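Chain by chain, the residues run as shown.
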Amino acid sequence: MAKGMNVLVVAPFYPREKHPYAGIYIHQQYKQIASRLPGEHRVMAFRRYLPRWMGIFANRLRADVNARNHYTWDGIAVESVAIKTLPKNMTLEWSRVQMEEAIRRAVKRAKPDVIHAHLAYPTGLAACRIAKEAGTPCVVTVHGWDINRVPGLRAKYRERVQECLLSADMVLAVSRALYDSVIRLAPAARARVAYIGTDIDRGARNPAHAPRDPRCLQIVFVGNLVRNKGVHVLLDAFLGFDRGVLTFVGDGPERNALEKRARKFGATERVRFLGRCPHDVTMRWIAASDLLVLPSFIEGLGMVLVEAAVCGTPVVASRTGGIPEVVQDKVTGLLVPPGDADALRQAISWVADHPTDACTLAANAQAHVMERFDIGKNVDALIADYRRVCACA
């Protein structure tokens, strides 16, 4: 029997009733860790709320302060810590201070053999600092936004991210593109590429399928409705395509603007907004669709593309970040330049006009994902990393 180890997973977000899709890939990875590595493992996640003195601005996040501090999600016990959120230019640093206090308490109680934090800043830096105090190894997974966006916000944030990357015992980048960015920021970082992956043996796995009816293509987008995801570009491309239905699965600050634009062009019957859905429901939507589109301007990897491959659904995505590691143009899907609505519309039309070829791309994608993105294999490598950093501590 494998030697046991106690792991403390620290995540900036984790699935819960109000946000069932938040941190879903962290949860999937943790479930595999818990099933493969004996020990007393714990999950600490954070939820934001605005202090009451901020008045009407606090309404949007105020309810989260009263959410449960301990809950179970899919059989996993989670400690949920409420942290106060301030205006944008102050939030990250104040969040880090509060996270450090919570992690310090958790480390004293649990005495973990290793801490595994997600996102370099503020979560990862907070975990690294407390791990150093306790003499505990710390592994940090970087996901994209923390490396590609945060360092450019303020010089101090860049320094904080670099501190995390250099103090972590191991940095895991979810894509090769992200790994390259890590090394540019902190050349001395102990880092490797570590795809999170997905459960390719799950029942949701389907044979690759061609569009059922090219005259009415069922198109799905899954993710946060934010500008960086290219949702406006997708809607503009779709409005010039008259042979289908577009479904947005997710929510976010751009939803109202998207709905307004769909109404303006008389497309309300062809454009649907489902809001956030549980992961199993989302997977069923992907499997039932003819095409998944991810038109992001920036992306660490694009795990939804991996899930689309598991479901046998063809994909069109932007050529940015780690996406080309999943989608090889005209081999496992189609790639278009970020922000190019005309190119995106042409790619969507190609899928509708070439259903057999689209099915071949989806089959190639499924084979590629089974080889590179099997979560079981990837978690075995992660556990080996845990043992390696513990041996060096």
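Look up a bit, the structure's there.
Here's what I pulled together on the structure shown here. All values derive from a computational prediction rather than experimental measurement.

1. Considerations on the overall build of the protein
So, step 1. Of the regular secondary structure elements, the protein holds 14 helices and 14 strands.
So, step 2. Here the C-alpha atoms of the protein give a radius of gyration of 21 Å, agreeing with the 21 Å that 2.2 N^0.38 yields for 393 residues.
So, step 3. Judged by the C-alpha coordinates and their principal axes, the protein covers about 60 × 55 × 40 Å.
So, step 4. A sequence separation of at least 24 residues applies to 69% of the contacts in the protein between residues at least 6 apart.

2. Describing the pairing of strand S1 (residues 7-11)
So, step 1. The buried fraction of S1 amounts to 5 of the 5 residues, a majority that puts the element mostly inside the structure.
So, step 2. Of the two faces of S1, the one lined by Val7, Val9 and Ala11 and the one lined by Leu8 and Val10 are each fully buried.
So, step 3. The sheet contact formed by S1 and strand S5 (residues 114-118) spans 4 bridges and is parallel. Note that in S5 the partner of valine 10 across the bridge is alanine 117.

3. What about the packing of helix H8 (residues 231-239) against helix H9 (residues 255-264)?
So, step 1. Remark: H8 packs on H9, axes separated minimally by 10 Å, with the N-to-C direction vectors making an angle of 15°. In terms of axis orientation, H8 runs roughly parallel to H9. In this structure, H8 crosses over H9, and the sense of that crossing is right-handed. Contacts from Val231, His232, Leu235, Asp236 and Leu239 in H8 reach Ala257, Leu258, Arg261 and Ala262 in H9.
So, step 2. Looking at the contact of H8 with H9 residue by residue, the class counts come to 6 nonpolar, 1 polar and 2 charged.

4. Thoughts on the pairing of strand S12 (residues 291-294)
So, step 1. Where burial is concerned, the two faces of S12 agree: the one with Leu291 and Val293 and the one with Leu292 and Leu294 are both buried.
So, step 2. Strand direction decides the pairing type here: strand S9 (residues 217-222) and S12, joined by 2 bridges, are parallel. In the sheet register, isoleucine 219 faces S12, and the bridge partner there is leucine 291.
So, step 3. Two strands pair when backbone bridges link them, and S12 and strand S13 (residues 315-318) are joined in this way by 3 bridges, in the parallel orientation. Bridge pairing in S13 places valine 293 opposite valine 316.
So, step 4. With helix H11 (residues 303-310) bridging S12 and its parallel neighbour S13, the resulting β-α-β unit is right-handed.

5. A short note on helix H13 (residues 355-372)
So, step 1. Between the first and last C-alpha of H13 there are 26 Å, a value that for 18 residues agrees with the 26 Å anticipated at 1.5 Å per step.
So, step 2. Looking only at H13, the buried set comprises Ala358, Leu361, Ala362, Ala365, Gln366, His368 and Val369. The buried residues of H13 occupy an angular sector of 165° when projected down its axis, which confines them to one face. Along H13, exposed side chains directed more than 90 degrees from the buried face belong to Thr356 and Glu371.

6. Here's the deal with the pattern of salt bridges
Think of it this way: side chains of opposite charge can pair up when their charged atoms draw near.
So, step 1. All told, the structure shown has 20 salt bridges when counted by the stated rule.
So, step 2. Notably, a salt bridge pairs glutamate 100 with arginine 96, separated by 2.6 Å at the nearest N-O pair. Note that glutamate 100 and arginine 96 are positioned in helix H3 (residues 88-110) at a spacing of 4 residues, about one turn of the helix.
So, step 3. A network of salt bridges, in which partner residues are shared, links Glu93, Arg96, Glu100, Arg129, Arg160 and Glu163.

7. Focus: the packing of helix H12 (residues 341-353) against H13
In a pair of packed helices, the angle between the axes and the distance between the axes together describe the arrangement.
So, step 1. Where H12 contacts H13, the two axes come as close as 5 Å, and the packing angle between them is 105°. When the axis of H12 is compared with that of H13, the two are roughly perpendicular. Touching Trp350, Val351, Ala352 and Asp353 of H12 are Pro355, Asp357, Ala358 and Leu361, all from H13.
So, step 2. Tallied by class, residues from the contact of H12 with H13 come to 6 nonpolar, no polar and 2 charged.

8. A closer look at the sheet that holds strand S11 (residues 271-275)
So, step 1. With parallel pairing, the 6 strands of this open sheet are ordered in space as S11-S10-S9-S12-S13-S14. For this open sheet the edge positions go to S11 and strand S14 (334-336), each flanked by a neighbour on one side alone. Averaged over all pairs of adjacent strands, the angle between strand axes in this sheet comes to 20°, irrespective of strand direction.
So, step 2. Judged from the 6 bridges that link them, S9 and strand S10 (residues 244-249) form a sheet pairing that is parallel. Within S10, the residue paired with isoleucine 219 across the bridge is leucine 246.
So, step 3. Running at roughly 165° to S14, H12 makes contact with S9, S12, S13 and S14 of the sheet.

9. Quick notes on the sheet that holds strand S8 (residues 191-193)
So, step 1. Across the sheet, which stays open at both edges, the 8 strands sit in the order S3-S4-S2-S1-S5-S6-S7-S8 with mixed pairing between neighbours. Since the sheet does not close on itself, it has two edges, and those belong to strand S3 (70-73) and S8, each with one partner. Ignoring strand direction, the axes of neighbouring strands in this sheet form an average angle of 25°.
So, step 2. When strand S6 (residues 138-142) meets strand S7 (residues 170-173), the two strands line up parallel, connected through 4 bridges. Note that in S7 the partner of valine 139 across the bridge is methionine 170.

10. Overview of unusual backbone geometry
So, step 1. That bond from tyrosine 121 to proline 122 is cis: its omega, 10°, falls within 30 degrees of zero.
So, step 2. In this fold, proline 122 is placed in helix H4 (residues 120-134).
So, step 3. One non-glycine residue, aspartate 74, lies in positive phi territory at about 55°.
So, step 4. With respect to the element layout, aspartate 74 can be found in the loop between S3 and strand S4 (76-84).
So, step 5. The backbone of lysine 111 shows a phi angle near 50°, a positive value even though the residue is not glycine.
So, step 6. Along the chain, the position of lysine 111 falls in the loop between H3 and S5.
So, step 7. On the basis of relative accessible area, lysine 111 is assigned to the exposed category, the value being 61%.

Basis of the calculations
Along each chain, the written sequence defines residue order, and numbers are assigned to residues from 1. With the structure being a predicted model, the display of local features is reserved for residues of pLDDT at least 70 and the display and counting of side-chain atom pairs for 80 or more, all residues being used for whole-chain, interface and lining totals. Side-chain numbers here rest on the full set of heavy atoms in the structure, without hydrogens or water. A helix here means a DSSP run of H or I that spans at least four residues, while a strand means a run of E at least two residues long, and both kinds are numbered starting from the N terminus. The size measure is the radius of gyration over C-alpha atoms, and the globule rule it meets is 2.2 Å times the number of residues to the 0.38 power. The criterion used for residue contact is that any of the two residues' heavy atoms lie within 4.5 Å. Relative accessibility decides the category of a residue: with a 1.4 Å probe and only protein chains considered, values under 20% of the type maximum give buried, values over 50% give exposed, and everything between is partly exposed. DSSP-based pairing: two strands are paired if at least 2 bridges between them are found. To obtain each axis, a line is fitted to C-alpha atoms, and for helices this fit is confined to the stretch in contact; angles are then taken between N-to-C directions over 0 to 180 degrees. Should an angle lie under 35 degrees it is considered roughly parallel, over 145 roughly antiparallel, and from 65 to 115 roughly perpendicular; all remaining angles are considered oblique. Helix crossings are classified by the rotation of the near helix relative to the far one: an anticlockwise turn of less than a right angle makes the crossing left-handed, while a clockwise turn makes it right-handed. Residues were grouped as follows: Ala, Val, Leu, Ile, Met, Phe, Trp, Tyr, Cys and Pro as nonpolar; Asp, Glu, Lys and Arg as charged; and all remaining residues, including Gly, as polar. With strands facing away from the observer, any crossover in which the path from the first strand over the helix to the second runs clockwise is taken as right-handed. One fewer than the residue count of a helix, multiplied by 1.5 Å, yields its expected span. Directions drawn from the helix axis to the C-beta atoms are what define this arc. For this document, the term salt bridge refers to a Lys or Arg side-chain nitrogen within 4 Å of an Asp or Glu carboxyl oxygen.

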